[in-house]
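An overview of the molecular structure
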Amino acid sequence: MVVQAYEYEKEYLLPRDKVAEADEEDAKPPVAESNDDENDTAGTKKRKVNDVRPDIRREPLRGFFVSTSSCMKSPLFRRLDGELRERRESMLKGKGWDVTDAEKQKYQRIA
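Structural notes, computed from the coordinates. These numbers were taken from a predicted model, which means no experiment stands behind them.

**Quick notes on the environment of Met-1**
When you line up the elements, Met-1 lands in the segment before helix H1 (2-12). With 67 residues separating them along the chain, Met-1 and Thr-68 place their C-alpha atoms 9.5 Å apart.

**Focus on the packing of H1 against helix H5 (residues 75-94)**
Packing of H1 against H5 leaves a shortest axis separation of 11 Å and a crossing angle of 10°. Comparing the axis directions of H1 and H5 gives the class roughly parallel. Contacts between H1 and H5 involve Val-2, Val-3, Tyr-6, Glu-9 and Lys-10 on the former and, on the latter, Asp-81, Leu-84, Arg-87, Arg-88, Met-91 and Leu-92. Per-class residue counts for the contact of H1 with H5 are 6 nonpolar, no polar and 5 charged.

**Some remarks on the environment of Glu-11**
With respect to the helices and strands, Glu-11 occurs in helix H1. In this structure the C-alpha to C-alpha distance between Glu-11 and Arg-57, which are 46 residues apart in sequence, comes to 9.2 Å.

Rules used throughout
- Residues numbered from 1 in each chain as written.
- Predicted model: local features only at pLDDT ≥ 70, side-chain atom pairs only at ≥ 80, totals over all residues.
- Heavy atoms only, no water.
- Helix = DSSP H or I, 4+ residues; strand = E, 2+ residues; numbered from the N terminus.
- Axes fitted to C-alpha atoms, helices over the stretch in contact; angles between N-to-C directions.
- Parallel < 35°, antiparallel > 145°, perpendicular 65-115°, else oblique.
- Contact = heavy atoms within 4.5 Å.
- Nonpolar A, V, L, I, M, F, W, Y, C, P; charged D, E, K, R; others polar.

Below is the structure:
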């Protein structure tokens, strides 16, 4: 799940300097996108609306990373979790976001 949260932030989280622009864009009515793969029962194309929640685009998933910061039990998963959190921190800094101490892993790193 930590990997999925990281991938989700990497894909959808806006750079911090673009959040104000997103607020303006989100104030507009949603525009449906056509989906060529699906047809309804009448044979007409269905329309689908972008399902990314606007608040996910504006702020990192801090609560998730805080709640999972000390739940890994095995040394292997602790190490993988630590590596992923380091990659996440680099990615967030690249987008202009900071990582709080509460979001960082709570284990001592084993070399």
